[in-house]
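Coordinate analysis (summary)
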Amino acid sequence: MISKIRNKELNLPIFCPDATRGVLRATDSADIENTDIHGLIVNTYHLLVNPGVEVLKKAGGINKFMNWEGLTISDSGGFQVYSLIHRKSGLGKITDEGVSFNLDGNKHTLTPESCIQTQFGIGADVIICLDDCADQSLSEPAMIKSVDRTIAWAKRCKAEYNKQIEQRGLDNQSRPLIFGVVQGGNYIKQRERCATELNKVGFDGFGFGGWPISGDGELNAEALRAVVESTKDSKYHYALGVGDPKSCVECVKMGYNIFDCVLPTRDARHGRLYVWSEKPSREVLDGKFYEYLRIDKAEYAEDLAPISEYCDCYTCKKYTKSYLRHLFKINDTLAYRLASIHNISFYSQLFEILQKGL
Ligand SMILES: [Zn+2]
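Residues numbered from 1 in each chain as written. Predicted model: local features only at pLDDT ≥ 70, side-chain atom pairs only at ≥ 80, totals over all residues. Heavy atoms only, no water.

Overview of the sheet that holds strand S10 (residues 177–182)
Overall, parallel pairing links the eight strands, which are arranged S3-S13-S12-S11-S10-S9-S5-S4 in an open sheet. Both edges of this open sheet fall to strand S3 (14–17) and strand S4 (39–43), since each of them pairs with a single strand only. Strand-to-strand twist in this sheet, taken as the mean axis angle between neighbours without regard to direction, amounts to 25 degrees. (Pairing = 2+ DSSP bridges. Helix = DSSP H or I, 4+ residues; strand = E, 2+ residues; numbered from the N terminus. Axes fitted to C-alpha atoms, helices over the stretch in contact; angles between N-to-C directions.)

Here it is, written out as structure tokens:
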């Protein structure tokens, strides 16, 4: 399905690697374009800390700052702040008003309003509501409270969004889209209630918040399905943080069409490369269609073949396994770049198949 966001034509489903701090680590925008990746996600919290929103405003927005012409989604930053607070409770607290936290000796506050204002400053094409990302082990009464807060914050986010649109004189073509984030853990009723209420507030798309993967590594399929079912009329369903290739395929079957994940680039930097088990096609997706190649293995020391015979990325066209292994061995940063280019190209190939329909 072809979709248009701010005059950017996109093929759905789309995979957006994480350029958390305004860079897809070890690569530049030309590298990313060459891999046929058309979207990136950046993080409000990290950009707020560095370089700061004022710098981005001066630069004319995150796309210009990064020299990136594709789609950009900014995440609310809530997840990072909660992780910070949950790791060390003295670092901040969450109230109905918002989240306050200490960082580098400075006190910061993230409210639904400031979160939206900051995202307008960042200037991404899609902005995300601040939600209350509760631990999935919460009891149902505690989860109900968390969902109540997520709904209340979504309403405040939408009100601030409308205010910004009006103040800036943006029309339907030039406005960023806004997505709500559905919480509720694995309590299906709470997922449905949250999704239904957010749908009433009115958003361009809906994200699955919280943990998509359970403790035993399985997808929380029932909860994931409940969110799509409760927001069927919406064009965009975003499976936040779902990113291993098999889970992407499963979620596309459920109706999700936007994905982001740190996995391909993080794995690349650790020399864990994704390779197709056989020639990529719609049919192979039903089985175990890929495997990891550990480039540090001794067997690749003199292997002069590319990483994958089924990949036509820049790295596979120009370099051998032997050379890449050597770069990792001597810790040269080129290793990270070439491995990242290959791994995100694997995702491009996967999503090209998914775009043709399952
Ligand atoms: Zn490749």
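Details of the pairing of S4
Among the five residues in S4, five count as buried, and that is most of the element. Alternating residues of S4 divide into Gly39, Ile41 and Asn43 and Leu40 and Val42, and every residue in both groups is buried. As paired strands, S4 and strand S5 (residues 71–75) are joined by five bridges and run parallel to one another. Opposite Ile41, over in S5, you have Ile73 as the bridge partner. (Buried < 20%, exposed > 50% of the residue type's maximum accessible area, 1.4 Å probe, protein only.)

What to know about the sheet that holds strand S6 (residues 92–94)
Sheet strands associate in pairs through backbone hydrogen bonding, adopting either a parallel or an antiparallel arrangement. Reading across from one edge, S6-S7-S8 is the order of the three strands in this open sheet, with antiparallel pairing throughout. In this open sheet, the two edge strands, each paired with only one partner strand, are S6 and strand S8 (106–110). Averaged over all adjacent pairs, the angle separating strand axes in this sheet is 20 degrees, with direction ignored. Sheet analysis places S6 next to strand S7 (residues 99–103), joined by three bridges and oriented antiparallel. Its bridge partner lying in S7, Lys93 is registered against Ser100. Across the sheet, helix H5 (residues 78–87) is in contact with S6, S7 and S8; its angle to S7 comes to roughly 65 degrees. (Contact = heavy atoms within 4.5 Å.)

A word on the coordination of the zinc ion
The zinc ion binds to the protein through Cys311 (SG), Cys313 (SG), Cys316 (SG) and His342 (ND1); the donor distances cover 2.1 to 2.3 Å. Geometry at the zinc ion is tetrahedral, judged from the four donor atoms that bind it and their angles of 99 to 120 degrees at the metal. As a motif over one chain, the donors of the zinc ion read C-x1-C-x2-C-x25-H. Note on accessibility: Cys311 and Cys313 belong to one class, buried. (Donors = N, O, S within 2.8 Å, 3.2 Å for Na, K, Ca; no water. Tetrahedral: all angles 85-135°; square planar, octahedral: opposite > 155°, others 65-115°.)

Describing the domain arrangement of the protein chain
You can read the domains of the protein chain as domain 1 (2–261) and domain 2 (268–355). One C-alpha centre belongs to domain 1, the other to domain 2, and the line joining them spans 29 Å. Counting residues at the interface gives 23 residues for domain 1, matched by 21 residues for domain 2. With both chains or domains summed, domain 1 and domain 2 bury close to 1,800 Å², and 66% of this area falls on carbon and sulfur atoms. Sorting the residues of domain 1 by area buried against domain 2 places Thr35, Pro245 and Lys246 first, and these three jointly supply 28% of that buried surface. If you look at where domain 1 meets domain 2, you find one salt bridge. One salt bridge in this structure joins Asp31 and Arg337, with 2.8 Å as the shortest N-O distance. (Domains from an automatic or database assignment. Buried area = accessible area lost by both parts, 1.4 Å probe. Salt bridge = Lys/Arg side-chain N within 4 Å of Asp/Glu carboxyl O.)

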